[in-house]
Amino acid sequence: MERGEIPVASLPGGFDLQSTVESGQSYLWNREDGRMYETDAPYGGSAWYWTAVRTGDGPAVIRTRQVEGRLEWESNVDATPHLRRLLRLGDDLAAIRAATPDDPLLARAYDAYEGMRIVRDPPFGALISFICSAQMRVARIHGMQRELARAFGDPVAFDGRTYRAFPTPERLAEATETQLRDLGLGYRAPYVRDTAAMVAEGEADPADARGMAYESAREYLTRFVGVGQKVADCVLLFSLGFLQAVPLDTWIRKTIAEYYPDCDRGSYAETSRAIRDQFGGEYAGYAQTYVFHYLRNGGE
DNA sequence: TATCCAAGGTAAGTT
DNA sequence: AACTTACCTTGGATA
């Protein structure tokens, strides 16, 4: 086993592991104590989390926890570059906040979760996660991804235990609708299966959206079954690095109605542009994510 | 204990 | 293009 640590206290804007991986951005991280997304779970501030990454030599497990200003990790590979990528440790959070409009709601949200960063999930896992997110609670979305990994994920031996990586498109494409429904996916089962088949057969790849202009990229992703504009925005923001994307979910729609009624332009595309401008454009997705997490946890 | 309801929406069918 | 409606499942709220 390899071990190491990354100093994070000195990163501009700081870092907070728990709010980063338990704020509804990623469903591909797990708490070792099994209490991911349980609102009554003890905070502690230093819970161990793990995820699996794909490397040239097959899947590897990365386990990490934050102890004060350090991110400690254990893995079967050198986890440092993976953690920097997955948790966007290179983002200048201070500059991002400085570039966001002076707005009382945004200020309260940023203050409440200082150090929260946008994640950079692997594209396929992000795509499937957010297909599953339709009409679903955060804790259950996470539970579904855990079930998918348990049923169809490749085993990864690490530290005397067997972990399961998130399934490959090929393995998931082999699943039957019934099998997926038995995992509790409901009507999302055929969406997941058909999208996995599209990726497995090379018909399309979510990663291909990376080089496109933002709105073209969003349009491209809607070709996957079960992906509309909202899910596409989530994949763009939480996986493909489009920090200007503002997914219009129920929470942000409520926020628009209450705080920014002028931004409601009827259609998704127009309302999206309006709230993106309201949130400062380039890093509007950061603002959205802070507001989402803040309001969902009872802030107002 | 039984019933109702909403949860980070999308696809398919109408106007 | 904009507007309806159906869709699985389940934990939590309400009666």
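Residues numbered from 1 in each chain as written. Chains lettered and ligands numbered in written order. Predicted model: local features only at pLDDT ≥ 70, side-chain atom pairs only at ≥ 80, totals over all residues. Heavy atoms only, no water.

### Thoughts on the protein's contact with DNA strand B
Working step 1: Close to DNA strand B lie 26 residues; Gly-24, Arg-137, Val-138, Asp-249 and Gln-288 are nearest.
Working step 2: Sugar and phosphate atoms represent 52% of those atoms of DNA strand B found within 4 Å of the protein.
Working step 3: Met-136 is positioned with one of its backbone polar atoms (N or O) 2.9 Å from a sugar or linking oxygen of DNA strand B.
Working step 4: At the level of secondary structure, the elements contributing two or more residues to the surface near DNA strand B comprise helix H11 (229-238), helix H12 (250-259) and helix H14 (284-296).
Working step 5: At 3 residues, H11 tops the list of elements feeding residues into the surface near DNA strand B.
Working step 6: Looking at the surface near DNA strand B, its residues break down into 13 nonpolar, 10 polar and 3 charged. (Near = heavy atom within 4 Å. Polar contact = N/O pair within 3.5 Å; in protein donor to acceptor, adjacent residues only side chain to side chain. Helix = DSSP H or I, 4+ residues; strand = E, 2+ residues; numbered from the N terminus. Nonpolar A, V, L, I, M, F, W, Y, C, P; charged D, E, K, R; others polar.)

### Points about the packing of aromatic side chains
Working step 1: For the structure shown, the criterion picks out 13 aromatic pairs.
Working step 2: Pairing Tyr-110 with Tyr-290 gives two aromatic rings, centres 4.0 Å apart and planes at 20°, and the pair type is stacked. In this pair, Tyr-110 sits in helix H4 (residues 104-112) while Tyr-290 sits in helix H14, placing the two residues 180 residues apart along the sequence.
Working step 3: Plain terms: the ring middles of Tyr-187 and Tyr-191 are 6.2 Å apart, the flat faces sit at 70° to each other, and that makes the pair edge-to-face. (Phe/Tyr/Trp six-rings, centres within 6.5 Å; stacked < 30°, edge-to-face > 60°.)

### Details of the side chain of Asp-249
Working step 1: If you trace the backbone, Asp-249 turns up in the loop between H11 and H12.
Working step 2: A polar atom in the side chain of Asp-249 sits 3.1 Å from the side chain of Gln-288.
Working step 3: Asp-249 has contacts with Lys-230, Gln-288 and Phe-292, leaving out every residue within four places of it along the chain. (Contact = heavy atoms within 4.5 Å.)

### Remarks on unusual backbone geometry
Working step 1: Of note in the backbone geometry, Tyr-37 takes a positive phi value of approximately 65° without being a glycine.
Working step 2: When you line up the elements, Tyr-37 lands in the loop between strand S2 (30-31) and strand S3 (49-55).
Working step 3: In the Ramachandran plot, Asp-159 falls in the positive-phi region, its phi being about 55° despite a non-glycine side chain.
Working step 4: Residue Asp-159 is classed as partly exposed on the basis of its relative accessible area, which comes to 45%. (Buried < 20%, exposed > 50% of the residue type's maximum accessible area, 1.4 Å probe, protein only.)

### Brief notes about the domain arrangement of chain A
Working step 1: If you check the domain split of chain A, you get domain 1 (2-90) and domain 2 (122-228).
Working step 2: Contacts between the two partners involve 20 residues from domain 1 and, on the opposite side, 23 residues from domain 2.
Working step 3: Roughly 1,700 Å² is buried in total at the junction of domain 1 and domain 2, and carbon and sulfur atoms are behind 66% of that figure.
Working step 4: Of all residues in domain 1, the largest losses of buried area upon contact with domain 2 belong to Tyr-27, Leu-28 and Arg-54, amounting jointly to 37% of the total for that side.
Working step 5: Counting the contacts that link domain 1 with domain 2 gives 3 salt bridges.
Working step 6: One salt bridge in this structure joins Asp-159 and Arg-63, with 2.6 Å as the shortest N-O distance.
Working step 7: For the pair domain 1 and domain 2, the interface holds 9 residue pairs in polar contact (both at pLDDT 80 or more).
Working step 8: It is strand S4 (residues 58-67) that provides the largest number of residues to the side of domain 1 that touches domain 2, a total of 4 residues. (Domains from an automatic or database assignment. Buried area = accessible area lost by both parts, 1.4 Å probe. Salt bridge = Lys/Arg side-chain N within 4 Å of Asp/Glu carboxyl O.)

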